[in-house]
Amino acid sequence: MPPVEIKPNIHWIGVNDRTTDLFEGLWPITQEGVSYNAYLINDEKKAIVDLAKALKTDEFFDQLDHVIDISQLDYVIVNHMEPDHSGILRTLLRIAPQVTILGTEKTRDMLDSFYGIREGVRVVQDGETLSLGQHELTFVYTPFVHWPETMMTYESSEQILFSCDAFGSYGALRGAIFDDDCTSQAFYTQQALRYYVNIVSVFSKPVLKAIEKLADVPVSIIAPSHGLIWRKSPERIIELYKKWAEYANEPGEIGITMLYGSMYGNTEKMMNAVAHGISQEGVPLDIFDVTHTHVSYMMPALWTQRGIVVGAPTYEGSLFPPMAEVLNMAKYKRIRNKSVARFGSYGWSGGAQRHFENLIEPLQWNLTDSFEFVGSPSDAELEQGEKFGAEFARLIKESP
Ligand SMILES: Cc1cc2nc3c(=O)[nH]c(=O)nc-3n(C[C@H](O)[C@H](O)[C@H](O)COP(=O)(O)O)c2cc1C
Ligand SMILES: [Fe+2]
Ligand SMILES: [Fe+2]
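Residues numbered from 1 in each chain as written. Chains lettered and ligands numbered in written order. Predicted model: local features only at pLDDT ≥ 70, side-chain atom pairs only at ≥ 80, totals over all residues.

*Asks:* What's the story with the packing of helix 8 (residues 266-280) against helix 12 (residues 379-398) in this structure? I'm lost.
*Replies:* In a packed pair of helices, the relevant descriptors are the angle between the two axes and the axis-to-axis distance. For the pair helix 8 and helix 12, the least separation of the axes is 7 Å and the interaxial angle reads 40 degrees. As judged from the angle between their axes, helix 8 and helix 12 are oblique. For the pair helix 8 and helix 12, the crossing hand works out as right-handed. Counting all contacts with helix 8, which are made through Met270, Ala273, Val274, Ala275, His276, Gly277, Ile278 and Gln280, the residues of helix 12 involved are Leu382, Gly385, Glu386, Lys387, Phe388, Gly389, Ala390, Phe392 and Ala393. Of the residues belonging to the contact of helix 8 with helix 12, the class tally is 10 nonpolar, 5 polar and 2 charged. (Axes fitted to C-alpha atoms, helices over the stretch in contact; angles between N-to-C directions. Helix = DSSP H or I, 4+ residues; strand = E, 2+ residues; numbered from the N terminus. Parallel < 35°, antiparallel > 145°, perpendicular 65-115°, else oblique. Left-handed = near helix turned anticlockwise from the far one by under 90°. Contact = placed C-beta atoms within 7 Å. Nonpolar A, V, L, I, M, F, W, Y, C, P; charged D, E, K, R; others polar.)

In structure tokens, the structure reads:
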């Protein structure tokens, strides 16, 4: 995409990535893509805020050439060292060795350990300002949103917050880069939530701290490193992030996430009966087959909904492995404060239930009910499953 002037002399020069399959080598973005947003401020002094992953470097430097001669570039502001932001830095330094890199103290150390860069680095302090001429930048330390070295950069004349990973989302830009000219808002909101739970949720406390720190700063535009730029309703993405961050310490919304896995269909039969019981109670229900769906797509439901039902059989004396993996990821992502119920089939001596209880112990989920059956469920057992679903749904509906 060509550069886009977001305010006079402030340009988006981002890169759209539709070829990476797994963000961070882990989270699927094959279909959705992602953008690495970089920004160029063309003033008496010229600065780039954030860079991009080391891909499509030609396109990145072409965008820059559209606006300035790279030999005139004064500063590169490294808000964050993760290579989806900084990957292009070494190439840039080869072309523009005159630039001064600005970042936090931790960034200075990481520039050395990640890229062997020791020269041309200047540490900026929390709250320090830098005048570029007509534009003044303020650096705001926001540790652990996403890494310990992370900061945001605030431009005061246009009130633009270059917020780095905060307020970002998956989803390559579809021609439109602003919230108000984007016709796929629902897509980006959904992808912002998936991105939040996959990437940021572990750092919910630092997110709330950062939002509080910036509460008195007038913000007209939120310009994150990934996804849409919010200029019509910057408060909307801030409110969403705040709500999601608060879910770290709350059970979440009334709703149930059903996770199930089944080798030969016995547990799946029961899953349909349980789902029927839940839906009879009118409680929102998401269903995921853990074998066929990437855990990335389950995380938003698990994070936001207060009820979880696990349907999985016994496998070699333990819980069906794909289910154990999902519960393990829930542990990584610190999904807490949930109520859970489990069902599953077994063939002879079982073992899944004990393994399941061990797995959820560190999650501190409240196990409300469980039942198992041998082989294929009988009609009476299916009826029991329906009641089990309805009871759990009522409990979720009525929970404070
Ligand atoms: C590879 C494999 C390993 C199994 N290991 C056990 C086991 O250790 N203990 C047990 O009671 N049943 C075991 N079973 C039996 C299953 O739990 C049983 O067939 C159950 O009905 C499968 O449910 P599903 O059709 O939902 O996959 C195993 C089945 C398979 C295919
Ligand atoms: Fe990051
Ligand atoms: Fe990032």
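*Asks:* What is the right way to read helix 10 (residues 321-332) from this model?
*Replies:* Note that an α-helix has 3.6 residues per turn; residues three or four places apart therefore point the same way. The first and last C-alpha atoms of helix 10 sit 17 Å apart over 12 residues, in line with the 16 Å expected at 1.5 Å per residue. In this fold, the buried residues of helix 10 make contact with strand 17 (253-260), helix 9 (295-304), strand 19 (305-311), strand 21 (318-319) and helix 11 (352-360). Just downstream of helix 10, arginine 334 is the residue with a positive phi angle, here 50 degrees. (Expected span 1.5 Å × (residues − 1).)

*Asks:* How do you make sense of the sheet that holds strand 2 (residues 10-12) when you look at a structure like this?
*Replies:* Pairing between the strands of a sheet is mediated by backbone hydrogen bonds and can be parallel or antiparallel. The sheet built from 7 strands is open, its strands ordered 1-2-7-8-9-10-11 with mixed pairing. Only two strands of the sheet have a single partner each, and these edge strands are strand 1 (4-7) and strand 11 (121-123). Looking at each pair of strands side by side, their axes are set apart by 25 degrees on average, direction ignored. Where strand 2 meets strand 7 (residues 39-42), 3 bridges bridge the pair, whose relative direction is antiparallel. Across the sheet, residue isoleucine 10 finds its bridge partner in strand 7, namely isoleucine 41. (Pairing = 2+ DSSP bridges.)

*Asks:* Is there a simple way to explain the pairing of strand 1 in this structure?
*Replies:* The side chains of a regular strand alternate between the sheet's two faces. Two elements, strand 1 and strand 2, share 3 bridges in a ladder whose sense is antiparallel. Counted as the bridge partner of lysine 7 is isoleucine 10 from strand 2. The antiparallel hairpin formed by strand 1 and strand 2 contains 2 residues in its connecting segment, where asparagine 9 sits at a positive phi of about 70 degrees.

*Asks:* How should the sheet that holds strand 23 (residues 366-374) be read in this particular structure?
*Replies:* Spatial strand order, 18-17-19-22-23: 5 strands in an open sheet with parallel pairing. Each edge of the open sheet carries a strand with a single partner, namely strand 18 (285-289) and strand 23. Each strand of the sheet is rotated relative to its neighbour by a mean of 15 degrees, with strand direction disregarded. Summarising the sheet, strand 17 and strand 18 pair through 5 bridges and their orientation is parallel.

*Asks:* Which parts of the structure should I look at to understand the site of ligand 1?
*Replies:* Among the 20 residues in the neighbourhood of ligand 1, the closest are listed as Met263, Asn266, Thr267, Pro313 and Gly347. Every element with two or more residues in the shell around ligand 1 is listed here: helix 8, strand 20 (314-315) and strand 22 (339-346). With 3 residues, the top contributor of residues to the shell around ligand 1 is helix 8. Each residue belonging to the shell around ligand 1 can be placed in one class, and the counts come to 6 nonpolar, 12 polar and 2 charged. (Near = placed C-beta within 6 Å.)

*Asks:* I'm lost on the packing of helix 5 (residues 185-200) against helix 7 (residues 234-246) in this one. Help?
*Replies:* One way to put it is that helix 5 packs onto helix 7 with a least axis distance of 11 Å and a crossing angle of 40 degrees. By the angle between their axes, helix 5 is oblique relative to helix 7. Seen from above, helix 5 lies across helix 7 with right-handed handedness. Contacts between helix 5 and helix 7 involve Thr189, Ala192, Leu193 and Tyr196 on the former and, on the latter, Ile237, Leu240, Tyr241 and Trp244.

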